[in-house]
Amino acid sequence: MNRLHILYGVLFFVAILLQSTLVKFMDIGNIRPDLILIALVIFSLNYGAVAGSTAGFFIGIISDLISGNVLGFGSLAKSITGYIAGGGAGLFKDGSRFVVPLIVSCLVHDLVLFGVRNFDQPISWRVVMWFQILPTLGYTTILGLSVYLLIGNSLKRDEEATY
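For clarity, every value in this text was computed on a predicted model and none was experimentally measured. (Residues numbered from 1 in each chain as written. Predicted model: local features only at pLDDT ≥ 70, side-chain atom pairs only at ≥ 80, totals over all residues. Heavy atoms only, no water.)

> Please clarify how the overall build of the chain should be interpreted in this entry.
A tally of helices and strands in the chain yields six helices and zero strands. Relative to the compact-globule value of 15 Å for 163 residues, the chain shows a C-alpha radius of gyration of 15 Å, a close match. In terms of principal-axis extent, the alpha carbons of the chain reach across some 50 × 30 × 30 Å. Counting every position in the chain, which comprises 163 residues, the buried fraction comes to 42%. Intrachain contacts of the chain at a sequence separation of at least 6 include 70% that bridge at least 24 residues. Working note: accessible area of the chain is about 8900 Å², and carbon and sulfur atoms make up 69% of it. One finds the centroid of the 10 positive side-chain charges in the chain at a distance of 3 Å from the centroid of its 9 negative side-chain charges. (Helix = DSSP H or I, 4+ residues; strand = E, 2+ residues; numbered from the N terminus. Rg over C-alpha atoms; globule rule 2.2 N^0.38 Å. Buried < 20%, exposed > 50% of the residue type's maximum accessible area, 1.4 Å probe, protein only. Contact = heavy atoms within 4.5 Å. Areas by Shrake-Rupley, 256 points an atom, 1.4 Å probe, with all protein chains shown as cover. Lys, Arg positive; Asp, Glu negative; His and termini not counted. Charge placed at Lys NZ, Arg CZ, Asp CG, Glu CD.)

Structure (structure tokens):
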């Protein structure tokens, strides 16, 4: 196991720890950023679709256990998200390499999560989209850009140095 694997393990651990403790104090009108999703997108962009999907599954299970949500919903959403982020990594140039996959990943993640959680209930998708999904997407994207500028580039440089 090299240094980069340890750094990503620490990144996921810190993201889960902060998501379960600090993020509840950062909410704006019941909207919270998803730090675990940010860490997953950074990981998936560097390791690809299969590794991103696998990491998403395990991180989703852990976050389901910690949050008390129904076991499996988060792992499904994060598995799909990790696969999409990792698969789309090569489609974008450096300037949008993180932003576009993060936005698409947030959108898909929340659509899957809301779809699975409310499968048997009538909901207004317009209301969910405008008042939950898009604000969460914006908040997570703004925070994700900050995190990526601080951490993502150093992980990328470390990865290039290990090969």
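Having seen it, we continue.
> Can you walk me through the side chain of S63 in this structure?
In this fold, S63 is placed in helix α3 (residues 49-67). By relative accessible area, S63 is classed as buried at 14%. For S63, the residues in contact, after removing those within four places along its chain, are I36 and K78.

> How do you make sense of unusual backbone geometry when you look at a structure like this?
Phi is positive for N30, close to 70°, though the residue is something other than glycine. Within the secondary structure, N30 sits in the loop between α1 (3-21) and α2 (35-47). Overall, N30 belongs to the exposed group, its relative accessible area being 60%.

> Hey, could you run me through the nonpolar core in this one?
Among soluble globular proteins, nonpolar side chains are generally buried collectively. Among the nonpolar cores identified, the biggest contains 29 residues, and Y8, F12, I38, I42 and F98 are the most heavily contacted of them. Of all elements in the fold, only α1, α2, α3, α5 (99-117) and α6 (125-162) reach the threshold of two or more residues within this core. Here this core takes 10 residues from α2, the largest share from any one element. The residues touching I38, leaving out its near neighbours within four places in the chain, are F98, L102, T140, L143, G144 and V147. (Core = buried A, V, L, I, M, F, W, Y, C linked by side-chain atoms within 4.5 Å.)

> Just checking my understanding: could you explain α1 for this structure?
Think of an α-helix as turning once every 3.6 residues; residues three or four places apart then point the same way. Under the 1.5 Å per step criterion, the end-to-end length of α1 is 27 Å for 19 residues, consistent within 8% with the ideal 27 Å. Within α1 the residues assigned to the buried category are L4, Y8, L11, F12, A15 and I16. Buried positions in α1, seen along its axis, are confined to an arc of 125° and lie on one side of it. Those residues of α1 that are exposed and aimed more than 90 degrees away from the buried face are R3 and F13. (Expected span 1.5 Å × (residues − 1). Arc of directions from axis to C-beta.)

> Looking at this model, I keep getting lost on the packing of α2 against helix α4 (residues 73-87). Mind explaining?
The axes of two packed helices give the description: the angle between them and the distance between them. Running from N to C, α2 and α4 cross one another at 40°; their axes reach a closest spacing of 8 Å. Compared by their axis directions, α2 and α4 come out oblique. Remark: the crossing between α2 and α4 carries right-handed chirality. Here α2 contributes I36, L37, L40, V41, S44 and L45 to the contact with α4, which in turn contributes K78, T81, G82, A85 and G86. Of the residues contributing to the contact of α2 with α4, the split by class is six nonpolar, four polar and one charged. (Axes fitted to C-alpha atoms, helices over the stretch in contact; angles between N-to-C directions. Parallel < 35°, antiparallel > 145°, perpendicular 65-115°, else oblique. Left-handed = near helix turned anticlockwise from the far one by under 90°. Nonpolar A, V, L, I, M, F, W, Y, C, P; charged D, E, K, R; others polar.)

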